[in-house]
Amino acid sequence: MPEKKTLERARKDKREGKAPTTQAGEFVREEMEHIRKGKHGARSTKQAIAIGLSKARRAGVKLPPPKRGRARTKRQAKRDIAKGRTARRKKPSATRSRATKRALKRETRRSASKRALSRHSKRVARQRSAGSRSAAAKKAARTRKRRR
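Reading the values: the criteria
Residues numbered from 1 in each chain as written. Predicted model: local features only at pLDDT ≥ 70, side-chain atom pairs only at ≥ 80, totals over all residues. Heavy atoms only, no water. Helix = DSSP H or I, 4+ residues; strand = E, 2+ residues; numbered from the N terminus. Lys, Arg positive; Asp, Glu negative; His and termini not counted. Charge placed at Lys NZ, Arg CZ, Asp CG, Glu CD. Salt bridge = Lys/Arg side-chain N within 4 Å of Asp/Glu carboxyl O. Buried < 20%, exposed > 50% of the residue type's maximum accessible area, 1.4 Å probe, protein only. Contact = heavy atoms within 4.5 Å. Polar contact = N/O pair within 3.5 Å; in protein donor to acceptor, adjacent residues only side chain to side chain. Core = buried A, V, L, I, M, F, W, Y, C linked by side-chain atoms within 4.5 Å. Axes fitted to C-alpha atoms, helices over the stretch in contact; angles between N-to-C directions. Parallel < 35°, antiparallel > 145°, perpendicular 65-115°, else oblique. Left-handed = near helix turned anticlockwise from the far one by under 90°. Nonpolar A, V, L, I, M, F, W, Y, C, P; charged D, E, K, R; others polar. Patch = residues over 30% accessible without salt bridge, like charges linked within 9 Å, V, L, I, M, F, W, Y side chains within 5 Å. Areas by Shrake-Rupley, 256 points an atom, 1.4 Å probe, with all protein chains shown as cover.

**Topic: the overall build of the protein**
Step number 1: Along the protein, the regular secondary structure elements total 7 helices and 0 strands.
Step number 2: What you see in the protein, going N to C, is helices and strands ordered as α-α-α-α-α-α-α.
Step number 3: Projected onto its principal axes, the C-alpha positions of the protein cover 50 × 35 × 35 Å.
Step number 4: Across the protein, 56 positive and 10 negative side-chain charges occur, with their mean positions spaced 7 Å apart.

Here is the structure:
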């Protein structure tokens, strides 16, 4: 269950008309904080991000499943979206929650370090075309919040 502050920030982003990815970013940020504070770990930075995105979808952020990627990931994303659309009926299974928490507690905390995040973002950027990266940079410059 995401924290109240995270949900509020995501709702604020939605009110301001920001993209679903921006709204989902709040959940990913929360997940990184949890790992850094030692609440649990993650096997890799990719997994930490995936957990955050899953939470976002379940919280009702209209984030589509990935275009590319494994079929299993797409299926899970669709399931998360469906969960986000419907109101929660039954309490989550305590046994499963405990098992997940224990498994994550055994994982490393390094996956949310600045170094790991930097390495991950550079690796992901390398997979994109120069044009795509350039367009993203131009959009960032165009939509950047101005300081007064």
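**Brief notes about the pattern of salt bridges**
Step number 1: Evaluated as defined, the whole model comprises 10 salt bridges.
Step number 2: A salt bridge links glutamate 16 to lysine 18, with the shortest nitrogen-to-oxygen separation between them at 3.2 Å.
Step number 3: On the basis of relative accessibility, which here comes to 43%, the residue glutamate 16 falls in the partly exposed class.
Step number 4: Across the pair arginine 29 and glutamate 26 runs a salt bridge, and its minimum N-O distance is 3.0 Å. Here glutamate 26 and arginine 29 lie together in helix H2 (residues 20–37), a separation of 3 residues that amounts to about one turn.

**Here we look at the environment of lysine 62**
Step number 1: Within the fold, lysine 62 resides in the loop between helix H3 (45–58) and helix H4 (71–85).
Step number 2: It is 8.9 Å that separates the C-alpha atoms of lysine 62 and alanine 24, two residues lying 38 residues apart in sequence.
Step number 3: When sequence neighbours within four positions are dropped, the list of residues in contact with lysine 62 reads Lys14 and Pro20.

**Some details on the side chain of histidine 34**
Step number 1: Take histidine 34: it is sitting in helix H2.
Step number 2: Discounting residues that sit within four places of it in the chain, histidine 34 has contacts with Glu3, Lys39, His40 and Lys55.

**What about the side chain of glutamate 30?**
Step number 1: Within the fold, glutamate 30 resides in helix H2.
Step number 2: Of the polar contacts made by the side chain of glutamate 30, one reaches the side chain of threonine 6; its length is 2.9 Å.
Step number 3: In contact with glutamate 30, other than residues within four places in its own chain, are Pro2, Glu3, Thr6 and Lys55.

**A word on the nonpolar core**
Soluble globular proteins: nonpolar side chains tend toward being buried together.
Step number 1: Of all hydrophobic cores here, the largest spans 7 residues; its members are Leu7, Ala10, Ala24, Phe27, Ala56, Val61 and Leu63.
Step number 2: Those elements that provide at least two residues to this core are helix H1 (4–15) and H2.
Step number 3: Contacts of phenylalanine 27, omitting those with residues within four sequence positions, involve Pro2, Thr6, Leu7, Ala10, Gly52, Lys55, Ala56, Ala59 and Val61.
Step number 4: With 6 residues, the next largest nonpolar core counts Met32, Ala42, Ala48 and Ala112 among its residues.

**Comments concerning the packing of H1 against H2**
Step number 1: It is the contact of H1 with H2, at a shortest axis distance of 8 Å, that shows an interaxial angle of 160°. Taken together, the axis directions place H1 and H2 in an arrangement best described as roughly antiparallel. In this structure, the crossing between H1 and H2 has a hand that is right-handed. Between H1, through Thr6, Leu7, Arg9, Ala10, Asp13 and Lys14, and H2, the contact on the second element is made entirely by Thr22, Gln23, Glu26, Phe27 and Glu30.
Step number 2: Residue composition of the contact of H1 with H2, by class: 3 nonpolar, 3 polar and 5 charged.

**Remarks on a positive patch on the surface**
Step number 1: A contiguous patch of positive charge, built from Arg110, Arg115, Arg119, Lys122, Arg123 and Arg126, is present on the exposed surface.
Step number 2: When you line up the elements, arginine 123 lands in helix H6 (residues 114–127).
Step number 3: Classification of arginine 123 as partly exposed rests on a relative accessible area of 47%.

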